[in-house]
Amino acid sequence: MTADKPYLTGHYTPVADEVTATELTVEGTLPPELTGRLLRNGHNPKPGVTPTHWFKGSGMVHGIRLREGRAEWYRNRWVHTPALDGAPYMTEKGPDFTASPAGTHIIEHAGRLLALCEANFPFELTPELETVGAYDFDGKLRGMMTAHPKEDPVTGELHFFGSSPFPPFLTYHVADAKGRIVHSAEVPGATASLKHDFAITRRHVVFVEGNVTFDPTEHSGIPYGWSDAQPARIGVMPRGAGGERQVRWFSIEPGNMLHVSNAYEDGQGRIVLEGPTVDREGFRLSWNWWIGAPDRGTEPNTRSYTRRWVIDLATGTVDEQIIDDLAVEFPTLNENYLGAENRYQYAVSFPDEKGFGGYGVVKYDRTTGARRIHQVGDARLPSEAVFVPAAGATGEDDGYLLTVVSDLKQNASQLLVIDASGLDRIATVHLPRRVTAGIHGSWVPDTDLNGPTA
Ligand SMILES: [Fe+2]
């Protein structure tokens, strides 16, 4: 029953159709260098469809086209995969990697827009959000691909992996800046632990295995669950050919990390890794929200607090601590600092399990320890805040945060453009409809897309 499913109600209520609107109303001044597309993906099942798990809902991409101070269009399109028409993932021949919800993330690499879901092939979209089809890197990708690939800001390479419940449990891939897979290898020692995200530093690849692992008794349609018997570990391997043979696994405290904030080598050569993480109770309350079970948290990320791990490769030790008391998710940063030490970190805050805190866009200064929150108002939920550098930026936070707000009171949505330095709103784009609270997204400047763009 829909009313029982939190992922089909409130901010998460799906929209029923695909629309296009042009020449949107703008308040304030859109910086002219914001010429490109903000693309957001999330689960939006078709009318009448009630998925058994939030993450099984069909993906819908919402796009907002900005050009030299104008908001030219908004459009939303389902990712038209076989799963949208009901095709099953499991077949007599094994998994059908094209039967994808494709509702987790959308990225650009080598001029291609790819809608992602971690158990499947990517799906390529046109710049106008029409579905081209499943993309398997010219046949070189033969299994699932994470929804959180990492584009190295120095080399332009795309690093990613596939995490499978069956051997080989973990396969690591690198595509070059032109989108060709140039390296694929199994990572030894990995287990069936669910790996949603990972990290790259300048010199290493970092995997996190938490306590959530393959569980064939879980009947929500996504066969994973918490296991105390599953060892929680971090795997560190050198980048480059043959690095897999040197992977080392380090024990950590129990937990489940969904998203990496960032990772880097510090001045002493230690690896610093941060990300919002839940404990066992947080996972139970969150999972019950994701499947619509009665005993659930009020938010999809209950008890999600940021942890920091410092991994000393010389001594083989890991120092671990929770570094913030605000419940957050969707960490973002200036991606020019991905894999290097970042001063500024951004995230979305949620009310905690006792109702404290609220929805907002958070900015952390990791040097001073300061934390500031851009409040967006009552009954308004901001999406993952995507950082876009300003033209000619000289500082790490010299740029903009783009977030789409779901406003329940007005049954409407706006794109907010926030100055990332002062955290003030500088422009608001009024969208023609409420945008379903989704998962992840990207800013894609025109300069990253191939050919002329309308
Ligand atoms: Fe994610």
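Being a predicted model, the structure only gives us computed values, none of them experimental.

Reading the values: rules and limits
- Residues numbered from 1 in each chain as written.
- Predicted model: local features only at pLDDT ≥ 70, side-chain atom pairs only at ≥ 80, totals over all residues.
- Heavy atoms only, no water.
- Helix = DSSP H or I, 4+ residues; strand = E, 2+ residues; numbered from the N terminus.
- Rg over C-alpha atoms; globule rule 2.2 N^0.38 Å.
- Buried < 20%, exposed > 50% of the residue type's maximum accessible area, 1.4 Å probe, protein only.
- Contact = heavy atoms within 4.5 Å.
- Areas by Shrake-Rupley, 256 points an atom, 1.4 Å probe, with all protein chains shown as cover.
- Lys, Arg positive; Asp, Glu negative; His and termini not counted.
- Charge placed at Lys NZ, Arg CZ, Asp CG, Glu CD.
- Pairing = 2+ DSSP bridges.
- Axes fitted to C-alpha atoms, helices over the stretch in contact; angles between N-to-C directions.
- Salt bridge = Lys/Arg side-chain N within 4 Å of Asp/Glu carboxyl O.
- Expected span 1.5 Å × (residues − 1).
- Donors = N, O, S within 2.8 Å, 3.2 Å for Na, K, Ca; no water.
- Tetrahedral: all angles 85-135°; square planar, octahedral: opposite > 155°, others 65-115°.
- Core = buried A, V, L, I, M, F, W, Y, C linked by side-chain atoms within 4.5 Å.
- Polar contact = N/O pair within 3.5 Å; in protein donor to acceptor, adjacent residues only side chain to side chain.

J.: Lay out the overall build of the protein chain in plain terms, naming residues and giving numbers.
T.: Across its full length, the protein chain carries 1 helix and 36 strands. Here the C-alpha atoms of the protein chain give a radius of gyration of 20 Å, agreeing with the 22 Å that 2.2 N^0.38 yields for 454 residues. Considering only C-alpha atoms, the protein chain reaches an extent of 55 × 55 × 50 Å along its principal axes. For the protein chain, the residues scored as buried account for 60% of the 454 residues in total. A separation threshold of at least 6 residues defines the contact pool for the protein chain, and within that pool the share at least 24 residues apart is 57%. Here the protein chain has roughly 17,800 Å² of accessible surface; of this, 50% comes from carbon and sulfur atoms. Each charge sign in the protein chain was given a centre, from 42 positive and 58 negative side chains, and these centres are 1 Å apart.

J.: Lay out the sheet that holds strand S20 (residues 233–238) with the relevant residues and their values.
T.: In spatial order, the strands read S16-S17-S20-S21; together these 4 strands make up an open sheet with antiparallel pairing. Each end of this open sheet is capped by a strand with a single partner; those strands are strand S16 (198–200) and strand S21 (248–251). In this sheet, neighbouring strand axes are inclined to one another by 20° on average, regardless of whether the strands run parallel or antiparallel. Taken together, the 3 bridges between S16 and strand S17 (residues 204–209) define a ladder with antiparallel strand orientation.

J.: Which residues make up the pattern of salt bridges, and what values do they have?
T.: Under the defined criterion, the tally for this structure stands at 31 salt bridges. Between Glu-23 and Arg-70 there is a salt bridge, with the nearest N and O atoms lying 3.0 Å from each other. Here the residue Glu-23 occupies a position in the loop between strand S1 (20–22) and strand S2 (26–28), and Arg-70 occupies one in strand S5 (residues 70–78), the gap between them amounting to 47 residues. The class for Arg-70 is partly exposed, based on a relative accessible area of 38%. Across the pair Asp-446 and Arg-37 runs a salt bridge, and its minimum N-O distance is 3.5 Å. With Asp-446 in the segment after strand S36 (441–445) and Arg-37 in strand S3 (residues 36–43), the pair connects residues that are 409 residues apart, well separated along the chain.

J.: For helix H1 (residues 280–291), give the residues involved together with the corresponding values.
T.: In this model H1 runs 16 Å from its N-terminal to its C-terminal C-alpha over 12 residues, within 8% of the 16 Å that 1.5 Å per residue would give. All buried positions along H1 are accounted for by Gly-282, Phe-283, Leu-285, Ser-286, Trp-287, Asn-288, Trp-289, Trp-290 and Ile-291. Buried residues belonging to H1 abut strand S18 (212–214), strand S19 (224–226), strand S22 (256–257) and strand S24 (271–278). Where H1 ends, the next residue or the one after it, Gly-292, has phi of about 75°, a positive value.

J.: Go over the pairing of strand S15 (residues 181–186), please, and point to the residues and values.
T.: Bridge count for strand S14 (residues 170–175) against S15 is 5 bridges, and the pairing is antiparallel. When the bridges of S15 are listed, Val-174 appears paired with His-183. The turn linking S14 back onto S15 is made up of 5 residues, and Gly-179 within it adopts a positive phi angle of 90°.

J.: Report on the environment of Leu-170, specifying residues and quantitative values.
T.: Looking at the secondary structure, you find Leu-170 in strand S14. Classification of Leu-170 by relative accessible area gives buried; the value is 0%. Along the chain, Leu-170 and Phe-207 lie 37 residues apart, while their C-alpha atoms are 9.6 Å from each other. Once residues within four sequence positions are removed from consideration, Leu-170 is found in contact with Phe-161, Gly-162, Ala-185, Glu-186, Val-187, Ala-190, Lys-195, Phe-207 and Trp-249.

J.: Any details on the coordination of the iron ion? Residues and values, ideally.
T.: Listed as protein donors to the iron ion are His-148 (NE2), His-196 (NE2), His-259 (NE2) and His-440 (NE2); their distances from the metal cover 2.1 to 2.2 Å. Around the iron ion, the 4 donor atoms are arranged such that angles at the metal cover 89 to 170°; this shape is classified as irregular. You can call His-440 buried: its relative accessible area is 1%.

J.: Describe the nonpolar core, listing the residues and the values that go with them.
T.: Nonpolar side chains in soluble globular proteins generally cluster together in the buried interior. Ranked by size, the top nonpolar core spans 24 residues in total, and within it Tyr-12, Trp-54, Phe-283, Trp-287, Trp-290 and Phe-350 carry the most contacts. The set of elements that each furnish at least two residues to this core consists of S19 and H1. Here this core takes 5 residues from H1, the largest share from any one element. Counting 22 residues, the second largest nonpolar core, distinct from the first, contains Ile-64, Ala-71, Leu-402 and Val-435.

J.: Report on unusual backbone geometry, specifying residues and quantitative values.
T.: Here the amide bond leading from Pro-167 into Pro-168 is cis, since omega sits at -10°, within 30 degrees of zero. Mapped onto the secondary structure, Pro-168 falls in the loop between strand S13 (158–163) and S14. The phi dihedral of Arg-303 falls on the positive side, at around 60°, and the residue is not glycine. As for its placement among the helices and strands, Arg-303 is situated in the loop between H1 and strand S25 (305–312). Since its relative accessible area comes to 23%, Arg-303 is described here as partly exposed.

J.: Before we move on, can you summarise the side chain of Asn-211 with the specific residues and values?
T.: Inspection of the secondary structure puts Asn-211 in the loop between S17 and S18. Within the structure, the side chain of Asn-211 is placed 3.0 Å from the backbone oxygen of Gln-230, a separation counted as a polar contact. Residue contacts for Asn-211: discarding those within four places in its chain leaves Gly-225, Trp-226, Ser-227, Asp-228, Gln-230, Ala-232, Pro-254 and Gly-255.

J.: Help me get a handle on the sheet that holds strand S10 (residues 123–125), residues and values and all.
T.: The 4 strands are arranged S8-S9-S10-S11 in an open sheet whose pairing can be described as antiparallel. With partners counted over all chains shown, the strands left at the sheet margins are strand S8 (105–109) and strand S11 (131–134), one partner each. Averaged over all neighbouring strand pairs, the angle between strand axes comes to 30°, with direction disregarded.

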